[in-house]
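These are the residues of each chain, in order.
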Amino acid sequence: MRYIQSGKIPPKRHTVFKSEEGAYYYEQLFGTEGFHGISSLLYHIHRPTQIKSIGKPKDVTPKIAVPKNVTPRMFKGMNVSAEDDFLDSRKILMLNNDLKMGLAKPRKSTDYFYKNAECDELLYIHQGSGTLKTFVGNLHFSFGDYLIIPRGTIYQIQFSDENNVLFVLESHSPIYTPKRYRNEFGQLLEHSPFCERDVVAPEFFEPKDEKGEFLIKVKKENQIWDFVYATHPFDVVGWDGYFYPYKFNIKNFEPITGRIHLPPPIHQNFEAHNFVVCSFVARMYDYHPLAVPAPYNHSNIDSDEVLFYTEGDFMSRNHIDLMDFTLHPGGIVHGPHPGAMERSIGKKFTEEYAVMVDPFRPLQLTEEAMKVEDPSYAFSWLENEENYLHDRSQE
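Since we're looking at a predicted model, the values are computed, not measured.

Got a minute to help me understand empty space enclosed by the protein in this structure?
Vacant regions in the atomic arrangement are exposed by a probe of water-molecule size rolled over the atoms. Inspection of every chain in the model, using the stated rule, returns 5 cavities of 30 Å³ or more. Of the pockets and cavities examined, the largest cavity occupies roughly 300 Å³. What lines the largest cavity is a set of 26 residues, and nearest its centre among them are His261, His267, Phe280, Arg283 and Pro295. Of all the secondary structure elements, the ones that give two or more residues to the lining of the largest cavity are strand S23 (283-284) and strand S25 (305-311).

Just checking my understanding: could you explain the sheet that holds strand S6 (residues 64-66) for this structure?
Backbone-to-backbone hydrogen bonds pair the strands of a sheet. The strands run either parallel or antiparallel. What the 8 strands build is an open sheet, ordered S6-S30-S8-S9-S16-S11-S14-S20; its pairing is antiparallel. Each edge of the open sheet carries a strand with a single partner, namely S6 and strand S20 (246-249). The average undirected angle you get between the axes of adjacent strands in this sheet is 30 degrees.

Sorry, what's going on with the sheet that holds strand S3 (residues 39-44) here?
As summarised here, the arrangement of the 4 strands in space is S1-S19-S3-S2, forming an open sheet in which the pairing is antiparallel. Among the strands making up the open sheet, the edge pair consists of strand S1 (4-7) and strand S2 (26-31). Taken pair by pair, the neighbouring strands of this sheet meet at an average axis angle of 15 degrees, ignoring direction. Note that S1 and strand S19 (residues 236-241) share 4 bridges and pair antiparallel. Note that in S19 the partner of glycine 7 across the bridge is glycine 238.

Procedures and definitions
Residues numbered from 1 in each chain as written. Predicted model: local features only at pLDDT ≥ 70, side-chain atom pairs only at ≥ 80, totals over all residues. Heavy atoms only, no water. 1 Å grid on protein atoms, 1.4 Å probe; cavity = no way out; pocket = protein on both sides within 12 Å on 5 of 7 lines; lining within 4 Å. Points joined across faces, edges and corners; volume = space filled by probe spheres on them. Helix = DSSP H or I, 4+ residues; strand = E, 2+ residues; numbered from the N terminus. Pairing = 2+ DSSP bridges. Axes fitted to C-alpha atoms, helices over the stretch in contact; angles between N-to-C directions.

Quick look at the structure:
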């Protein structure tokens, strides 16, 4: 993250700041991890603390179907149901104490405001476009965008139409860029697969000086509370700092390649406590004359592996559809499907795009996940000579 300054701010923090008419502006520190993590200072027209009412909570605790899993699984994202409401549409499929993730297919924009009070959010746009409106500015989004929304951000989401599919991840720790790609000053290094130019900050807009009743749905501890405030939450006249929502498009990730197959950490895009997020993108294959581009069989002893398939034909898998999730639990060997290794030899390029999440603690599976599971996936590595020969005959 880099320092951003937008709108009007005083020359010195924590000092008197007034409008041209002599009215006080109200300062707010926006940050996480106490006073140690990165933060921004926001300046409001009205005090951001004016609560008029608090409704009864709605429980959204995911219902666990499989608390302990060792089975490779595939979930058919195309079968996840769509909902009108943005929050109702979130179907959590997998979770542990560090994160929750799943799929959302919202048909309608939000007419309320929303704040996740305990989790950073990563929204990956698989289908759809629109605008993420926040109290520090707007982000226009479309296919392939990661929206990184820090906890505590008040936002609305406006969609261009009703055909929207979002991969949703909620993190109980801040989501950052990988430490190994940053120097001691926080700048992304020359060998990083992306740079600050690829990170898009919110566009500042004129503040909303409005009084009335403004509904902010606040999520904490799997409860959503309806808070009604007396002033519009987007009344920020200016802000500065390092803590803000941003977007990054998966097609701005520059792949790292080599003569022989390189391990998954080269695809890393984000990290948080106890998990990483990787972006598999279109890239040249390995160029050693005897290279095997398909990944080698491996055991993720210390992590589960989740892949969400978003564009192209993923070369190491058979019978995968877009929007599918695959889960390979830690400790169980996995690798290319039968015939995939052989098909990859001699290939020069791939057009695949996928989001991978590696949690370092086991995932639990929800009832929503089991509704859309393909139970045959665990046995799809069994050799089938007839189908394999058919595949080879098509080359």
